[in-house]
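Summary of the model geometry
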There are 8 protein chains.
Amino acid sequence: MTHLPDPGPQPGVHDLGYARLDTDRLERTGDAEVVYGAGKTPAQVVELLRTLHATHPDRAVLATRLTPEAQQVVGAELPEAVVDPVGRTAMLGTPPPARGTVAVVAAGTSDAPVAAEAATTLQVFGAGVDLITDVGVAGLHRLLGVRERLAVADCLIVVAGMEGALPSVVGGLVGVPLVAVPTSVGYGASFGGLAALLAMLNSCAPGVTVVNIDNGFGAAVFAARVARRAAPAEVKSP
Amino acid sequence: MTHLPDPGPQPGVHDLGYARLDTDRLERTGDAEVVYGAGKTPAQVVELLRTLHATHPDRAVLATRLTPEAQQVVGAELPEAVVDPVGRTAMLGTPPPARGTVAVVAAGTSDAPVAAEAATTLQVFGAGVDLITDVGVAGLHRLLGVRERLAVADCLIVVAGMEGALPSVVGGLVGVPLVAVPTSVGYGASFGGLAALLAMLNSCAPGVTVVNIDNGFGAAVFAARVARRAAPAEVKSP
Amino acid sequence: MTHLPDPGPQPGVHDLGYARLDTDRLERTGDAEVVYGAGKTPAQVVELLRTLHATHPDRAVLATRLTPEAQQVVGAELPEAVVDPVGRTAMLGTPPPARGTVAVVAAGTSDAPVAAEAATTLQVFGAGVDLITDVGVAGLHRLLGVRERLAVADCLIVVAGMEGALPSVVGGLVGVPLVAVPTSVGYGASFGGLAALLAMLNSCAPGVTVVNIDNGFGAAVFAARVARRAAPAEVKSP
Amino acid sequence: MTHLPDPGPQPGVHDLGYARLDTDRLERTGDAEVVYGAGKTPAQVVELLRTLHATHPDRAVLATRLTPEAQQVVGAELPEAVVDPVGRTAMLGTPPPARGTVAVVAAGTSDAPVAAEAATTLQVFGAGVDLITDVGVAGLHRLLGVRERLAVADCLIVVAGMEGALPSVVGGLVGVPLVAVPTSVGYGASFGGLAALLAMLNSCAPGVTVVNIDNGFGAAVFAARVARRAAPAEVKSP
Amino acid sequence: MTHLPDPGPQPGVHDLGYARLDTDRLERTGDAEVVYGAGKTPAQVVELLRTLHATHPDRAVLATRLTPEAQQVVGAELPEAVVDPVGRTAMLGTPPPARGTVAVVAAGTSDAPVAAEAATTLQVFGAGVDLITDVGVAGLHRLLGVRERLAVADCLIVVAGMEGALPSVVGGLVGVPLVAVPTSVGYGASFGGLAALLAMLNSCAPGVTVVNIDNGFGAAVFAARVARRAAPAEVKSP
Amino acid sequence: MTHLPDPGPQPGVHDLGYARLDTDRLERTGDAEVVYGAGKTPAQVVELLRTLHATHPDRAVLATRLTPEAQQVVGAELPEAVVDPVGRTAMLGTPPPARGTVAVVAAGTSDAPVAAEAATTLQVFGAGVDLITDVGVAGLHRLLGVRERLAVADCLIVVAGMEGALPSVVGGLVGVPLVAVPTSVGYGASFGGLAALLAMLNSCAPGVTVVNIDNGFGAAVFAARVARRAAPAEVKSP
Amino acid sequence: MTHLPDPGPQPGVHDLGYARLDTDRLERTGDAEVVYGAGKTPAQVVELLRTLHATHPDRAVLATRLTPEAQQVVGAELPEAVVDPVGRTAMLGTPPPARGTVAVVAAGTSDAPVAAEAATTLQVFGAGVDLITDVGVAGLHRLLGVRERLAVADCLIVVAGMEGALPSVVGGLVGVPLVAVPTSVGYGASFGGLAALLAMLNSCAPGVTVVNIDNGFGAAVFAARVARRAAPAEVKSP
Amino acid sequence: MTHLPDPGPQPGVHDLGYARLDTDRLERTGDAEVVYGAGKTPAQVVELLRTLHATHPDRAVLATRLTPEAQQVVGAELPEAVVDPVGRTAMLGTPPPARGTVAVVAAGTSDAPVAAEAATTLQVFGAGVDLITDVGVAGLHRLLGVRERLAVADCLIVVAGMEGALPSVVGGLVGVPLVAVPTSVGYGASFGGLAALLAMLNSCAPGVTVVNIDNGFGAAVFAARVARRAAPAEVKSP
């Protein structure tokens, strides 16, 4: 097409044609860019992981929302990558030493993919993980049995679909900062996670914040930042 | 207006001009008609209560959703009526002996009007009431402290606004039939009770049913029918 | 992943790795856990059914929302299971003696899967079933012809899609406790069952409660509890 | 303001400054323009009624949605006008002889204003009216008692709020063309009439059409056109 | 299953196991039942068409919403049936003589399936059809060129997707009763036809009524009843 | 409160305590800031107008969405201001010479306030105005009569409520850039202007853009920029 | 079918059976009709492109929303056509000389298809294009680096999904007319682009207008008209 | 009423009749209960503040959402309370020493009440506050001028109405944990803050979490917990 000429490369940008990596983001925000796999071909995911890894060789880099096909290609092309089929993620490089601990709490087995995405993201972003699953509110004994683990965490990620009640109950048990993740688990009047999202936004427990439906990644980025600040001491992140 | 002539009175119908009472309903369903006060003048409420009472002199009759003005006029014109300013109801006549018990459980103080409407309706429809308030999920110790009262009831009415989580937690504690009532308590993304309604419809606790937002009356009619069946024994309803 | 160590097994929980069964639920609520088949592999469904059956050998256990493939595998691996392709359920073990009767009323032929799921669930949860289909409100003679069967039931489950009018009409005919189930049958402005759901929540017949769209299972759990209480006499549930 | 000059009067338009009457509409569509009172001052309503009456002296003209204040001013300034406080309408001039009959059927007493607006509009637009009120679906005997009146009408207007079930039931009883009018009667999940609107759009009875919430006027314009066509002759309505 | 025994056949009902035909409907409403093909197997469609045809041998019977596969099977098994791949319908038997004329007006080529479904339904229900396509409001000359055909019809069916403006424009041109059919044609903020549906419900042209999205069938049943009443004369419907 | 100290004034910002004026905006975008009157006291409106006028003495400044009380105070305190009670605006200072012409087209009389707000804004932002009202699509002759005025404009603002069909019809008549403004005029299923908004977003006429409901101001800012570019010639904007 | 006879060809319409081309549109609006490929077969797309090209041999004609299959068939059958797989478009014939420049600004790589559709449409409609991609608001340095290119354009098209914030930021940087295009990029609470659409409609930057979700075509038609007016001089469009 | 007897006081609960204070919350979560003023009488607010203050004499207690009348009564009855008419809050008692700093960033003047509620809550919950207002995205220079203040905070609260774009821009500038608060500022398609809420949930900047519309209180409780953990030591904020 006869478009006007592109004025050339910009600093802080790595242009791959189909994407321009924001290589400056690490310096600006302390966290590097991540490969969001939805809508990308397996070959693009591989190239983006390689490029990010080459830019930041001393940090783990992350790809999320990988299709089964992309997981297979990444596993074959980048054998050193750690691929998690549950969380649909791939991690390339060594994660930084963990600072602080985030407890990832999931209500039901169907919420496992979102919890796993959060857990891997926490590793890449330098926080420790305590994964607690299947503690839905319809069986309170399971939740009350882990109250201590919740209380000693530096931040909580609470994952739930359907009625999304778990964050309110957890938020009433402990005073730890709590990020709620609604999931699209449910049917009918769950409207793809809307019911859980609205419930979490209206939580009667003060101090609950919310991210987008199924957004385990975003919750983990936030929680890792909180946990790292809470445990700033001995460990220096690369 | 020159409308076609009305073909005359129908059996089972009492025509007051502005309303036609379904006097046959008692025989058909076992429960008499009720005065829904919204949109009616105080004078109309008084006349309707009187007419219903005259039709069924041996049963208590009920008016709901009364404005403060209507409550005052009813109290003045029908001194034998019991007016409840919290639940906005008026009861005229002696309630039947209570059969079975319904526990009415409310999450917060703002849910009190809906819980009170349910409690009075249960009396009029012949069920006993155990009223338990302020047991929101953000303070589980209050709820766990009343677990026994919940377990021995014949039916539960669980009233909650905001995130509407209480029915899921109660439904996981006991196996009693549970009717959930979302309330319009909340703001912003509660959308007038929609958040609580959706949460309750998606409850992960099996055996939870739901009524319209703020519909304490409807929940009580249903629960009274359940409780009366569960305790059919010695008492004969009039 | 380098997650914190899991603190070991909890009482009342059976951990299968991909799911933790709440084996304590029977004692707590009187009803055992059920296998919700959506999103599970056929092999997982089989294992979960076997485990639940082993835990409660004297009770029927239930799996719902089975894909055609899962139905086939369950039928092959567990030949003693009763598989219902209409309701997409499998039942393993002998159902308890029926206490009380629930009439399951469906408006149209397209509502059959939801009605069948409710009917099988009622069996597993120990209630008798009277199944009445194709009695939509556009042909009142079919409905009026079964009025007596409705009146003698201990609880009603009324299933309808499209405009969801059937519960209002049934609720005006008899005074039996009524649980309405909206279905996703319809197109265009039915919005996946939302139209029927809203209609049922706004029913002008008092004493109507509602469950989630297509939730025949939940309606049946509730109705079985009501029916068992209404007919507590001779039969002792295990 | 320094706007460009207006190019002068147009044929078929009567300019009052704050409104331009479409005086050509009668010739084009067979029906004259109507004064929609919402948002207009009482003085404007009076002037518009006078102007329309002067343009069509041999036909009744109509104003709808009049505030109580506007009704009072119209009654005082135009003593020959017929003001209906229930339907909030004013009619000025002699209505044409009625051709055909439209049965206006309303579910509850709260639907009366919409039904009354429809009834007066039918008069002005030249159709006979048979008004049938308080025949909600929760008391079928009332509805079945008027089946004959429904069957002999040339068109039906069925008005209902809450769950909006009445059109489906009526549409299954008779084969007369049926226009359904949802009303904003209800609360909570009725969402201002949305529940009734959706229900009517999804009616399982074929041959039901729908107008906007509370739009008794629009339903009547349509129904009058149908009724006049069905009874084109010399006109016999009472 | 051990369900209660079915109390036997009902009058006016033909039970096929998977469906119960309302054979009484013709007498009650003047129109016979129709086979709604969505969700039915080709074999079921064929059997239902045969059964309806046997019940009413002197009337055409109709099946709608047929999948391509069902269309093929019907064409092979019932060679005398008229199958329309555009409207996805099949008609079996001779349609009654046409009484009156309904103009079916469609805005764009994508609206053709809905218009064709309406046209065939009109034939089966005994009305004449004048089909006018591709007269969208963005090219008014096409619409103004057919104004006379619109004015002489007994009823109009106006089909449009996207912004749904066509009914308002047509409704301002002529005074014929007008049924608007929103279609799901569009993308993005059309929300599956919701935009067109809302537009039509809010039409500024008085006398517009609306049916469900894509419901060409329902509009035609209604319009045929109007047209037959407007032209009752010489033809006797069977 | 003991908040951190504010770091002092910023360039390009005029701090009034309750508001900080972006005095740099004129240089950045060519248009000065405007006083949005909603939620401001009359005294604040007066002070903001005075301050803006002092900053840009050679340009007219504008206040919008003024309450009747604010209009009165502005008229008294700033007698040189031009207050328009219909559009709820006040203009202080001499508007720039008009470059180009924008035709403001409104469907009904109820849309007048939005059209007037747009007209005054156009003046302040330096464009000529041709105001054309009451040309709704239900009376096409009124619209076709002004086709020439539409064709010679440099930009069109088309204002409509209810079904919002006018932009589609106008967009099919002429090829002038067209900004559509939905208004909140309507009731019931107009949902506060949502119906018109969705219709306009789905216009079948290419080249239609849309602004927020009732946003005559925003449409005018945009249109003035288009018109000034189309007529850049003799006039130099200050 | 026995439909009434079609009254023959209309002037300004080219009838292909499955579509009627509005060949008069060029004269009326200055822009020719375009082939909207959604729902059309590859063969229909080819025939429509050929017919439009034959009608306007001296202008480029355009097809949009082509499936991969249609792109392949068009490429094979019309080798002179320019097919863009990213924007899913095909252009046949020589585009007119470009008048003015439109900057197309896209937030992320996933927005590329919509931006490409806009860019090709601008060419066909006779405007120059400056394509600027991957300048999302989370990396402001990329956006600030292109501020000058934005300021010199005659019109801006700003494409963004997810939170749709880019138009507000761009609209605060420069005073160029700005058309915002929300895209369906996102998940969960983006609701298919609704979040971005609402954000853009509520932009705090004055002078932002909006088109339908993913409607790069419509934005380009509008912007080309603006750009051509802003640069009317030397170039004569064919 | 003849309700069952209340089983007496519970530990950790202070019963006032119309409310039961959760006096145990401080021990459980580290933060005391707060008086939510909406729906409470001024006298109730005063009594609740006094009771909470008596329970925790060494900590400041807080009341939010006070009506003007309640603010006046609190000011008169509790002269030692600090009443903030902008944020509608009252604080009684000495706030704890501030640990860490939270920057509260507001987009426009209309967002001031929500920002003020957050600021006061932070004080009561023991965090320092840096309040930055009027830095909307349409004037980036104002925002870029405070980048350093953002970068040194321990947590950010970003308050915005209308299109809610500010959190995305701030989240791209710094890597500090960010809580976004949508406000109900806006009109038309802002739908009471829904537009801003959805935008924030879909932010392209990773690490953004969201609370309910206008919920400055909840954001502050969360942020104070984060800030206190980040600065656990001896640090005194100004």
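Conventions used here
- Residues numbered from 1 in each chain as written.
- Chains lettered and ligands numbered in written order.
- Predicted model: local features only at pLDDT ≥ 70, side-chain atom pairs only at ≥ 80, totals over all residues.
- Heavy atoms only, no water.
- Buried < 20%, exposed > 50% of the residue type's maximum accessible area, 1.4 Å probe, protein only.
- Helix = DSSP H or I, 4+ residues; strand = E, 2+ residues; numbered from the N terminus.
- Pairing = 2+ DSSP bridges.
- Right-handed = clockwise from strand over helix to strand, strands pointing away.
- Contact = heavy atoms within 4.5 Å.
- Buried area = accessible area lost by both parts, 1.4 Å probe.
- Salt bridge = Lys/Arg side-chain N within 4 Å of Asp/Glu carboxyl O.
- Polar contact = N/O pair within 3.5 Å; in protein donor to acceptor, adjacent residues only side chain to side chain.
- Nonpolar A, V, L, I, M, F, W, Y, C, P; charged D, E, K, R; others polar.
- Phe/Tyr/Trp six-rings, centres within 6.5 Å; stacked < 30°, edge-to-face > 60°.
- Axes fitted to C-alpha atoms, helices over the stretch in contact; angles between N-to-C directions.
- Domains from an automatic or database assignment.
- pLDDT = per-residue confidence, 0-100.
- Least-squares fit on C-alpha atoms with pLDDT ≥ 70 in both.
- Parallel < 35°, antiparallel > 145°, perpendicular 65-115°, else oblique.
- Left-handed = near helix turned anticlockwise from the far one by under 90°.

What to know about the pairing of strand 8 (residues 128-132) of chain A
Residues and elements named next belong to chain A. The element strand 8 is largely enclosed, with a buried count of 4 among its 5 residues. Relative to strand 8, strand 7 (residues 101-106) is paired through 5 bridges, and the arrangement is parallel. By the bridge assignment, valine 102 is partnered in strand 8 with valine 129. Note on the crossover from strand 7 through helix 4 (residues 112-124) to strand 8: the handedness is right-handed.

Quick look at the interface of chain E and chain D
It is common to give the size of an interface as the accessible area that goes away when the parts come together. Contacts between the two partners involve 33 residues from chain E, matched on the other side by 33 residues from chain D. Taking both partners together, chain E and chain D bury about 2800 Å²; carbon and sulfur atoms supply 58% of that area. Three residues, Leu201(E), Phe222(E) and Arg229(E), lead the burial of chain E against chain D; their summed loss comes to 24% of the area buried on that side. At the boundary of chain E and chain D, one finds 0 salt bridges. Where chain E touches chain D, the interface holds 6 residue pairs in polar contact (both at pLDDT 80 or more). Sorting the residues of the side of chain E that touches chain D by element identifies helix 1 (25-29), helix 7 (166-173), strand 10 (178-182), helix 8 (194-201), strand 11 (208-210) and helix 9 (216-230) of chain E as the ones contributing at least two each. By residue number, the principal contributor to the side of chain E that touches chain D is helix 9 of chain E, which donates 8 residues. Across the side of chain E that touches chain D, the residue classes break down as 18 nonpolar, 9 polar and 6 charged.

So, the pattern of salt bridges
Residues and elements named next belong to chain A. Applying the stated criterion across every chain, the model contains 48 salt bridges over all chains. A salt bridge links glutamate 148 to arginine 147; the shortest N-O distance between them is 3.8 Å. Residue glutamate 148 is classed as exposed on the basis of its relative accessible area of 54%. Classification of arginine 147 by relative accessible area gives partly exposed; the value is 25%. Put simply, Asp31, Arg225 and Arg228 are held in one network by salt bridges that share partners.

Focus: the packing of aromatic side chains
Going through the model one piece at a time under the given rule, you end up with 20 aromatic pairs over all chains. Centre to centre, the rings of Tyr36(A) and Tyr187(G) are 6.4 Å apart; their planes meet at 25 degrees, and the pair counts as stacked. Highlighted residues: Tyr36(A) in strand 3 (residues 35-36) and Tyr187(G) in the loop between strand 10 (178-182) and helix 8 (194-201), drawn from two different chains. A centroid spacing of 6.2 Å and a plane angle of 70 degrees characterise the contact between Phe125(G) and Phe217(G), whose relative ring orientation is edge-to-face. Taken together, the residues span a long stretch of sequence, with Phe125(G) in the loop between helix 4 (112-124) and strand 8 (128-132) and Phe217(G) in helix 9 (residues 216-230) at a distance of 92 residues. Phe125(G) gets classed as buried once you look at its relative accessible area, which sits at 5%.

So, the sheet that holds strand 4 (residues 61-64) of chain F
All names here are of chain F. The strand order across the open sheet formed by 4 strands is 3-4-6-5, and the pairing between neighbours is mixed. The sheet is open, and its two borders are formed by strand 3 (35-36) and strand 5 (82-84), each paired with just one other strand. When strand 5 meets strand 6 (residues 89-92), the two strands line up antiparallel, connected through 3 bridges. Looking at the pairing, aspartate 84 lines up with threonine 89 of strand 6. Sheet contacts for helix 2 (residues 42-55): strand 3, strand 4 and strand 6; angle to strand 4, the most-contacted strand, approximately 160 degrees.

Some words on the domain arrangement of chain A
Residue and element names in this part refer to chain A. When the domains of chain A are assigned, the result is domain 1 (13-92) and domain 2 (101-229). Taking only C-alpha atoms into account, the centre of domain 1 sits 25 Å from that of domain 2. Contact residues are listed per partner, giving 14 residues for domain 1 and 15 residues for domain 2. Taking both partners together, domain 1 and domain 2 bury about 1200 Å²; carbon and sulfur atoms supply 58% of that area. It is Asp31, Leu62 and Arg65 that lose the most area in domain 1 upon contact with domain 2, and together they represent 37% of the buried surface on that side. Between domain 1 and domain 2 we count 3 salt bridges in total. Between arginine 65 and glutamate 117 there is a salt bridge; the shortest N-O distance is 3.4 Å. Scanning the region where domain 1 abuts domain 2 turns up 4 residue pairs in polar contact (both at pLDDT 80 or more). Among the secondary structure elements, those contributing two or more residues to the side of domain 1 that touches domain 2 are strand 4 (61-64) and strand 6 (89-92). Residue classes in the side of domain 1 that touches domain 2 are distributed as 6 nonpolar, 4 polar and 4 charged.

Notes on the pairing of strand 9 (residues 155-160) of chain G
Residue and element names in this part refer to chain G. Most of strand 9 is tucked away: 6 of the 6 residues are buried. Of the strand pairs in this sheet, strand 7 (residues 101-106) and strand 9 are connected by 5 bridges, and their pairing is parallel. The residue of strand 9 that forms the bridge with valine 105 is valine 158. Note that strand 9 and strand 10 share 5 bridges and pair parallel. Across the sheet, valine 158 pairs through a bridge with alanine 180, a residue of strand 10. Crossover connection from strand 9 via helix 7 (residues 166-173) to parallel strand 10: handedness right-handed.

Considering the confidence of the model for chain A
Low-confidence regions, as indicated by low pLDDT, have predicted coordinates that should not be scrutinised in detail. Residues and elements named next belong to chain A. Summary statistics for chain A give a mean pLDDT of 89 and a share of 88% for residues scoring 70 or more. Contacts of residues 1-8 to residues separated by more than four positions or lying in other chains number 13 contacts, the stretch itself having pLDDT below 50. Contacts of residues 233-238 to residues separated by more than four positions or lying in other chains number 9 contacts, the stretch itself having pLDDT below 50. Reported confidences for the modelled complex are a pTM of 0.93 and an ipTM of 0.90.

Focus: the side chain of Thr209(B)
With respect to the element layout, Thr209(B) can be found in strand 11 (residues 208-210). By relative accessible area, which is 0% here, Thr209(B) ends up buried. At 3.3 Å, the side chain of Thr209(B) and the side chain of Thr209(C) are in polar contact. Once residues within four sequence positions are removed from consideration, Thr209(B) is found in contact with Leu178(B), Val179(B), Ala180(B), Val179(C), Thr209(C), Val210(C), Val211(C) and Phe222(C).

Topic: the relation of the copies chain E and chain D
Laying chain E over chain D is done by rotating through 180 degrees and shifting 0.0 Å along the axis; what remains is an RMSD of 0.0 Å. Accordingly, the operation relating the two chain copies is best matched by a two-fold axis. Of the interface residues in chain E, 100% have counterparts in chain D that sit at the interface too, so the contact is made through matching surfaces.

Digging into the sheet that holds strand 5 (residues 82-84) of chain G
Spatially, the 4 strands line up as an open sheet ordered 3-4-6-5 (chain G), and their pairing is mixed. Of all strands in the sheet, those with a lone pairing partner are strand 3 (35-36) and strand 5 of chain G, marking the two edges.

Some points on helix 7 (residues 166-173) of chain B
The buried fraction of helix 7 of chain B is high, at 8 of 8 residues. Those residues of helix 7 of chain B not exposed but buried are Leu166(B), Pro167(B), Ser168(B), Val169(B), Val170(B), Gly171(B), Gly172(B) and Leu173(B).

Some remarks on the packing of helix 2 (residues 42-55) of chain C against helix 3 (residues 68-77) of chain C
Residues and elements named next belong to chain C. Relative to each other, helix 2 and helix 3 sit at 45 degrees, their axes nearing to 9 Å. On the basis of the axis angle, helix 2 is oblique to helix 3. The two elements helix 2 and helix 3 meet at a crossing, and its hand is right-handed. Contacts between helix 2 and helix 3 involve Pro42, Val45, Val46, Leu49 and Arg50 from the first element and Glu69, Ala70, Val73, Val74 and Glu77 from the second.

As for unusual backbone geometry
Residues and elements named next belong to chain A. For aspartate 134, which is not a glycine, the phi torsion comes out positive at approximately 60 degrees. Its location among the elements puts aspartate 134 in the loop between strand 8 and helix 5 (140-144). Its relative accessible area of 9% is what places aspartate 134 among the buried residues.

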